[in-house]
Amino acid sequence: MRSDYSENKKNRVGLRYAINGLKYAFKNEINIRIHFLIALLVLIAGFVLTISVLEWVLLLLMIGFVITAELLNTAVETMLDYLAPQWHPMAGSIKDLTAGAVLVTSIVAFIIGLIIFLPKIVELVFN
Ligand SMILES: Nc1ncnc2c1ncn2[C@@H]1O[C@H](COP(=O)(O)OP(=O)(O)OP(=O)(O)O)[C@@H](O)[C@H]1O
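Residues numbered from 1 in each chain as written. Predicted model: local features only at pLDDT ≥ 70, side-chain atom pairs only at ≥ 80, totals over all residues. Heavy atoms only, no water.

- The protein chain carries the name Diacylglycerol kinase in an unreviewed UniProt entry, which gives Amphibacillus indicireducens as its organism.
- The UniProt entry for the protein chain carries this comment under Sequence similarities (unreviewed entry): "Belongs to the bacterial diacylglycerol kinase family." (UniProt positions renumbered as here; feature names shortened; annotations may be inferred.)

**Comments concerning the packing of aromatic side chains**
Then comes step 1: Inspection of the entire model under this criterion finds two aromatic pairs.
Then comes step 2: Ring centres of F26 and F36 lie 5.6 Å apart, and the angle between their planes is 65°; this geometry places the pair in the edge-to-face category. Of this pair, F26 sits in helix 2 (residues 14-28) while F36 sits in helix 3 (residues 30-48); the two residues are ten residues apart in sequence, bridging distant segments of the chain.
Then comes step 3: For F26, a relative accessible area of 39% corresponds to the partly exposed category.
Then comes step 4: Centroid distance F47 to W56: 5.0 Å. Interplanar angle 55°. Geometry classified as tilted.
Then comes step 5: On the basis of relative accessibility, which here comes to 64%, the residue F47 falls in the exposed class.
Then comes step 6: Across the ring face of Y17, the terminal group of R16 is positioned such that the distance to the ring centre comes to 5.3 Å. (Phe/Tyr/Trp six-rings, centres within 6.5 Å; stacked < 30°, edge-to-face > 60°. Helix = DSSP H or I, 4+ residues; strand = E, 2+ residues; numbered from the N terminus. Buried < 20%, exposed > 50% of the residue type's maximum accessible area, 1.4 Å probe, protein only. Lys NZ or Arg CZ within 6 Å of the ring centre and 35° of its normal.)

**Thoughts on the environment of V76**
Then comes step 1: Structurally, V76 is set in helix 4 (residues 53-83).
Then comes step 2: Looking at V76, the relative accessible area reads 17%, which means it is buried.
Then comes step 3: Considering only alpha carbons, one finds V76 and W56, 20 residues apart in sequence, at a separation of 30 Å.

**A word on the side chain of E55**
Then comes step 1: Topologically, E55 is positioned in helix 4.
Then comes step 2: There is a polar contact of 3.4 Å between the side chain of E55 and the side chain of K120.
Then comes step 3: Setting aside anything within four residues of it in sequence, one finds E55 in contact with I116 and K120. (Polar contact = N/O pair within 3.5 Å; in protein donor to acceptor, adjacent residues only side chain to side chain. Contact = heavy atoms within 4.5 Å.)

**Topic: the site of the ligand**
Then comes step 1: Residues in close proximity to the ligand include E29, N31, N73, E77, Q86, W87, H88, A91, G92, K95 and D96, which together make up its full environment.
Then comes step 2: Between the ligand and Q86, the relevant distance is 3.3 Å, taken from a nitrogen atom to a main-chain nitrogen or oxygen of the residue.
Then comes step 3: Within the side chain of K95, a nitrogen or oxygen atom sits 2.8 Å from an oxygen atom of the ligand.
Then comes step 4: Considering the ligand on its own, with 630 Å² of exposed area, one finds that the protein chains cover 64% of that surface.
Then comes step 5: Looking at the shell around the ligand, the elements with two or more residues in it are helix 4 and helix 5 (89-126).
Then comes step 6: Here the shell around the ligand takes four residues from helix 5, the largest share from any one element.
Then comes step 7: Among the residues forming the shell around the ligand, the class breakdown is two nonpolar, five polar and four charged. (Near = heavy atom within 4 Å. Areas by Shrake-Rupley, 256 points an atom, 1.4 Å probe, with all protein chains shown as cover. Nonpolar A, V, L, I, M, F, W, Y, C, P; charged D, E, K, R; others polar.)

**Let's talk about the UniProt feature "transmembrane region" (unreviewed entry) in the protein chain**
Then comes step 1: As recorded in UniProt, the sites labelled "transmembrane region" (unreviewed entry) are residues 32-51, 57-76 and 97-118.
Then comes step 2: With 85% helix and 0% strand, the stretch residues 32-51 has end C-alpha atoms that lie 25 Å from each other.
Then comes step 3: End-to-end, the C-alpha atoms of residues 97-118 are 31 Å apart, and along that stretch the chain is 100% helix and 0% strand.

This is how it looks when you write it as structure tokens:
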């Protein structure tokens, strides 16, 4: 006998649920909106400053890493708020750990951005 859940699972379109997840994060998490805005600005800078194919690959990888880390951070925060809403040092540490993952990827992305864009900006300004 099939349950309602398995029937629903059989008929579902996975992509739609993934997009719902993105919409949820976008609506509820300001950091995700900030990351998307920075990604957009970086992409525009990439076009304006005509970066190389390798530089595009690095930029896109880092944008993907940062946004994925932020989505996972949001998922962990949402899960803890639902399953363990009470204040507990362990819950705090778990949230701090995933926030740390976002910080590490963001710092690496920032450094890579500097390595790619700084020489081009310096050249543009001083030539
Ligand atoms: N249930 C809890 N128990 C203990 N500490 C908590 C708890 N919830 C949050 N904290 C502490 O507060 C911090 C912020 O948690 P919150 O859920 O408000 O995330 P946030 O401000 O949305 O974080 P982010 O900026 O990463 O999205 C956590 O990193 C943690 O240190």
